[in-house]
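A look at the structure
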Amino acid sequence: PREKFYCLSMFPYPSGKLHMGHVRNYTISDAIARFKRLLGYHVLHPMGWDAFGLPAENAALAHGVSPAEWTEKNIAHMRVQLDALGYCYDWRREINTSKPEYYRWEQWLFLQMLKRGLVYKKNSVVNWDPVDQTVLANEQVIDGRGWRSGALVERREIPQWFFKITDYADELLSDLDTLTGWPEAVRTMQRNWIGRSEGVQLDFSLTQPIHSLSNCTVYTTRVDTLMGVTFLVVAAEHPIAEAAAQNNPALANFLVQCKQTAVFEAELATLEKVGMDTGLTVTHPITGQPISVWVANYVLMNYGTGAVMAVPAHDERDHEFARRYALPIRPVIDAEGDTQWDYLKQAYTGTGKLINSTTWDGQSAEQAKASILAHLAQQGCAKAHTQLRLRDWGVSRQRYWGTPIPMIRCAQCGDVPVPEDQLPVVLPRDVQLKSPHSPLPTRADFVNVTCPQCNQPAQRETDTFDTFVESSWYFLRFACTDQNKAILDERANYFAPVDHYIGGVEHAVLHLLYARFFHKVLRDLGFVSCDEPFKRLLTQGMVLKGGTKMSKSKGNTVDPEALIEEFGADTVRLCMMFAAPPEQSLEWSDSGVEGAHRFLKRIWKQVEDHCSPAGAVKLGEAREEARVLRREAHQTLVKVRDDYERRLTFNTAIAACMTLSNSLSRFTPETEGDRAVVQETLTLLTLILSPIAPHITQVLWERLGHSGLVMNETWPEPDQAALISDTVEWIIQINGKKRLELSLPAELDDAALRAEVMANTRIQGYLEGQLLLKWIIVPNKIINLVVRST
């Protein structure tokens, strides 16, 4: 009968050891989950392991064990570490993505997507790491080198399996507007990654066809600059480049050099532009003049059509290339009065009126775009086209430790899906790696099978899935991990979407985009009804030490286990939550740990002092000082709920608790009523701190006379009567400058309030020799007296 709340942290790769980034991430989600339990929600808070991937293979090679053994050992150790921190996970739902009972449904989903036309295979240019012997995503290449091996990455063309994520591009883009619980920066990153643009697809005719190629097709968003095109540039893998190289050894050698050097879109602005003339020309569709065709390293086959119409006067990369090779530069856009612009020295990339463009001279860029497109369309060589930066998701990896792709290669039938009743295709686990090469192609017991269609000898696909596939649907499987007859059941639909998802901003693009894609596919297959997987997203900041990110390579890590041993898990949790707002980077400080420990010890002592028999006092009503303390306690209750629930500023919630504890330290109970206020204050402090410090608060909860688990309690409603103050704390200003604070009765009317202020001797001193011109009163906050000298 309770409302559900699904709280989830991005599950970890089982590296074998928690780091402080893990501790921060998981403490945030645990505090949210415990708080929502107190509010009465039916909370789902699971944990699992993103267990496949290249790091396990590299570690297994280094340590002489199998990746399976390495992974299982790490999982066992990390689970002990997580338990030591007191995280309230439902371990009955634990997921290990390297287990066949998990990835069989991933293979099943692949086959459903294949049936729906969302899976295909094609030759593709990829980033190849020659040391790790695998394909790398663009984000896994840093300065042209593999992110783990450090080897220079090559461009290779190999057969790859793809998910057709572009079929969902429009929805992935438009639904970002509904994700109001996500950071705007993350939504912007996703919009930019999808990269929808409106432009023109235009054919330039080859002056002389070559190897059945007669046109070079380009895509441009600036067809208004068409009259400024002075050459065309194609990628090294473009069919025109390869055709021209067949009888040109120098060009062929240049293409090889380009393919051996990985270039990525993010690097194009700073890349040194080099190229070579193919010797071919195309015809300008308006002037009819011949235009040379070049191959250049700054054009990528994976983006657009792999060909660019070069307008060097109005594009910085084209301009740099044109100057390097003494190619013509022709301005066709007026620089709008910029008399300093020299088109031979610098490109003008803005818009303006057209010049040197025959009949389009004087038109604005927008007018010319429509007019030129209409002219070209009438000739049959151009059409309006919507272009996406997003590319279909290549999921093939030439590595061992991953989910086998459930396909069979048959000489007679081609690529054949594994029958569903033969799933899972189980990855052999008895593997001792001798090199980075996958052992699967040499395992006869794995590779050799019978074709399901023709019953002839065939071979299994030996590529495995990109590990992003496992993390793209795990959040739904957590709801029904015991379901062995289907990928999901009605419980997934009940818990979806995840109400609060917590993880690093480094996953803001790929993981979140792929998870959104998979969720929509599973929706279309009828398993969930909501459109998006994650309702609210928190991207926590990094943990820094000495101003740099903690990492083993920098030698600046802090061991959570050692801290837990010395200070206790609650101190570690409290320190991580207090040091900074969760979305900001956190600078690690040893003194911060000690401060958190002192605060918890103070709360402990306050409870012990209150509960000690020596604390007996006289009977009587609560005094005014006690009523002030009680008001602060209930104000803290209101503030902390807002900090936990809306603002997600756990640091300010902890600060409020510290302030309340300080007030309690200054209060000496004298009556039974006073002691009742102290009891209530300590009970509230214990309860509202329990999501962050669950161990100590459980003990204190019992010490204060309560039974049961504090995490099963109900978050208290504030006493509205207690929140009403008999007095108002006024800030008194003169000409906007604060002079003093006055505590005055709340029931004073305007005349009485002014009289009280004017009766104050300090105010009288400030007003001596001054003419009072005006009163400015901000109700219950500020009184500003506007004066001037007499």
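This one's a predicted model, so the numbers in the text were calculated from it and none came from an experiment. Starting afresh in each chain, residues are numbered from 1 along the sequence in its written order. In keeping with the predicted nature of the model, local features appear solely for residues at pLDDT of at least 70, side-chain atom pairs appear and are counted solely at 80 or more, and the whole-chain, interface and lining totals rest on all residues. Computation of side-chain values: all heavy atoms of the structure, hydrogens and water removed.

Some details on the nonpolar core
The cut-off we apply is this: Only buried residues count toward a nonpolar core, which is a set of Ala, Val, Leu, Ile, Met, Phe, Trp, Tyr and Cys residues joined through side-chain atoms within 4.5 Å. Throughout, exposure labels follow a simple rule: accessible area from a 1.4 Å probe, protein chains only, divided by the maximum for the residue type, with under 20% read as buried, over 50% as exposed, and the rest as partly exposed.
Met-20, Phe-163, Trp-393 and Trp-588 are the most contacted members of the largest nonpolar core, which totals 172 residues. Ranked by size, the runner-up nonpolar core spans 58 residues in total, among them Ala-235, Ala-245, Leu-251 and Cys-258.

A short note on helix α15 (residues 560–567)
Stated formally: Strands are runs of DSSP state E lasting at least two residues, helices are runs of H or I lasting at least four, and both sets are numbered from the N terminus onward. In this context, the arc is that of the directions from the helix axis out to the C-beta atoms. Residue contacts follow a heavy-atom distance rule, with two residues in contact if any of their heavy atoms lie within 4.5 Å. Whenever two N or O atoms come within 3.5 Å, that pair is a polar contact, provided that in protein one can donate a hydrogen and the other can accept it, and provided that, for residues adjacent in sequence, both atoms are side-chain atoms.
Buried within α15 are the following residues: Pro-560, Leu-563, Ile-564 and Phe-567. The buried side chains of α15 occupy one side of the element, clustering within an arc of 100° when seen end-on. Facing away from the buried surface of α15 by more than 90 degrees, the exposed residues are Glu-565 and Glu-566. Packed against the buried residues of α15 are α1 (20–38), α3 (67–84), α16 (569–578) and α17 (590–611). For α15, the side-chain oxygen to backbone nitrogen distance between the N-cap and Glu-561 is 3.0 Å, and the N-cap itself is Asp-559. Downstream of α15 by one or two residues, Gly-568 has phi in the positive range, about 100°.

Focus: unusual backbone geometry
Backbone torsion omega between Leu-423 and Pro-424 reads 0°, so that peptide bond is classified as cis. The backbone phi angle of Thr-358 is positive, close to 50°, even though this residue is not glycine. Tracing the chain through its elements places Thr-358 in the loop between α9 (316–324) and α10 (365–379). Since its relative accessible area comes to 51%, Thr-358 is described here as exposed. Phi is positive for Asn-735, close to 55°, though the residue is something other than glycine.

A word on the sheet that holds strand β26 (residues 543–545)
Operational definition: Being paired, for any two strands, means DSSP has found at least two bridges between them.
Here three strands make up an open sheet; going across it, the order is β27-β26-β28 and the pairing mixed. In this open sheet, the two edge strands, each paired with only one partner strand, are β27 (548–549) and β28 (586–587).

Section: the packing of aromatic side chains
Selection criterion: Note on ring pairs: Phe, Tyr and Trp rings are taken, using the six-membered ring of Trp, and paired if centres are within 6.5 Å. Classes follow the plane angle, with under 30 degrees stacked, over 60 edge-to-face and the rest tilted.
Scanning all chains against the criterion turns up 42 aromatic pairs. Ring geometry for Trp-49 versus Trp-91: centroids 6.4 Å apart, planes at 15°, classification stacked. A residue pair is termed long-range when its members are at least 10 positions apart, and Trp-49 in strand β3 (residues 48–49) and Trp-91 in the loop between α3 and β4 (95–96) qualify at 42 residues. Pairing Phe-110 with Phe-465 gives two aromatic rings, centres 5.3 Å apart and planes at 55°, and the pair type is tilted. Here Phe-110 is found in helix α4 (residues 100–115), whereas its partner Phe-465 is found in strand β23 (residues 464–465), with 355 residues between them in sequence. Ring pairing ties together the aromatic residues Phe-110, Trp-161, Phe-163, Tyr-168, Trp-393, Phe-465, Phe-468, Tyr-514, Phe-517 and Phe-518, which thus form one cluster.

Regarding the pattern of salt bridges
We apply this condition: Between Lys or Arg on one side and Asp or Glu on the other, a salt bridge is scored when a side-chain nitrogen of the former is within 4 Å of a carboxyl oxygen of the latter.
What the rule picks out here adds up to 53 salt bridges. Between Glu-57 and Arg-399 there is a salt bridge, with the nearest N and O atoms lying 2.6 Å from each other. On the criterion of sequence distance, the pair formed by Glu-57 in helix α2 (residues 54–63) and Arg-399 in the loop between β18 (396–397) and β19 (407–410) is long-range, its members being 342 residues apart. What makes Glu-57 buried here is its relative accessible area of 1%.

Here we look at the packing of helix α20 (residues 672–689) against helix α21 (residues 694–703)
Let me state the cut-off plainly: Fitted lines through C-alpha atoms serve as axes, helices being fitted only where they are in contact, and the angles separating the N-to-C directions of these axes extend from 0 to 180 degrees. Our angle categories are set so that under 35 degrees counts as roughly parallel, over 145 as roughly antiparallel, 65 to 115 as roughly perpendicular, and the remainder as oblique. It is the rotation of the near helix from the far one that decides the hand of a crossing: anticlockwise by less than a right angle makes it left-handed, clockwise makes it right-handed. Gly is placed with the polar residues, together with every amino acid not listed as nonpolar (Ala, Val, Leu, Ile, Met, Phe, Trp, Tyr, Cys and Pro) or charged (Asp, Glu, Lys and Arg).
At a minimum axis separation of 9 Å, α20 and α21 run at an interaxial angle of 150°. Relative to α21, the element α20 lies roughly antiparallel. Crossing of α20 against α21: the hand is left-handed. Mapping the contact onto sequence places Thr-683, Thr-686, Leu-687 and Leu-689 in α20 and Thr-697, Leu-700 and Trp-701 in α21. Residue classes in the contact of α20 with α21 are distributed as four nonpolar, three polar and no charged.

Re the environment of Thr-464
Note that Thr-464 resides in strand β23. Under the relative-accessibility criterion, Thr-464 is labelled buried at 1%. The spatial distance from the C-alpha of Thr-464 to the C-alpha of Val-65 is 20 Å, given a sequence separation of 399 residues. Thr-464 has contacts with Val-395, Ser-396, Arg-397, Arg-399, Tyr-400, Gly-402, Thr-403, Pro-404, Ile-405 and Leu-440, leaving out every residue within four places of it along the chain.

Some thoughts on helix α6 (residues 184–194)
Think of an α-helix as turning once every 3.6 residues; residues three or four places apart then point the same way. Buried within α6 are the following residues: Val-186, Arg-187, Gln-190, Trp-193 and Ile-194. The buried residues of α6 occupy an angular sector of 125° when the element is viewed end-on, so they sit on one face. Of the exposed residues in α6, those oriented more than 90 degrees away from the buried face are Ala-185 and Asn-192. Check the buried side of α6 and you find it contacts α5 (169–174), β10 (196–210), β16 (382–388), α14 (510–524) and β25 (537–540).

Description of the pairing of strand β5 (residues 119–129)
By the bridge criterion, ten bridges tie β5 to strand β9 (residues 154–163) in an arrangement that is antiparallel. Counted as the bridge partner of Lys-122 is Gln-160 from β9. Of the strand pairs in this sheet, β5 and strand β6 (residues 134–136) are connected by three bridges, and their pairing is antiparallel. Within β6, the position partnered with Asp-129 by the bridge is Thr-134.

Things to note about the side chain of Ser-357
Here Ser-357 lies in the loop between α9 and α10. Residues contacting Ser-357, with those up to four places away along its chain left out, are Met-227 and Val-332.

Looking at the environment of Asp-132
With respect to the helices and strands, Asp-132 occurs in the loop between β5 and β6. Owing to a relative accessible area of 5%, Asp-132 belongs among the buried residues under this scheme. Considered as a pair, Asp-132 and Leu-748 are 616 residues apart in the sequence and their alpha carbons are 78 Å apart.

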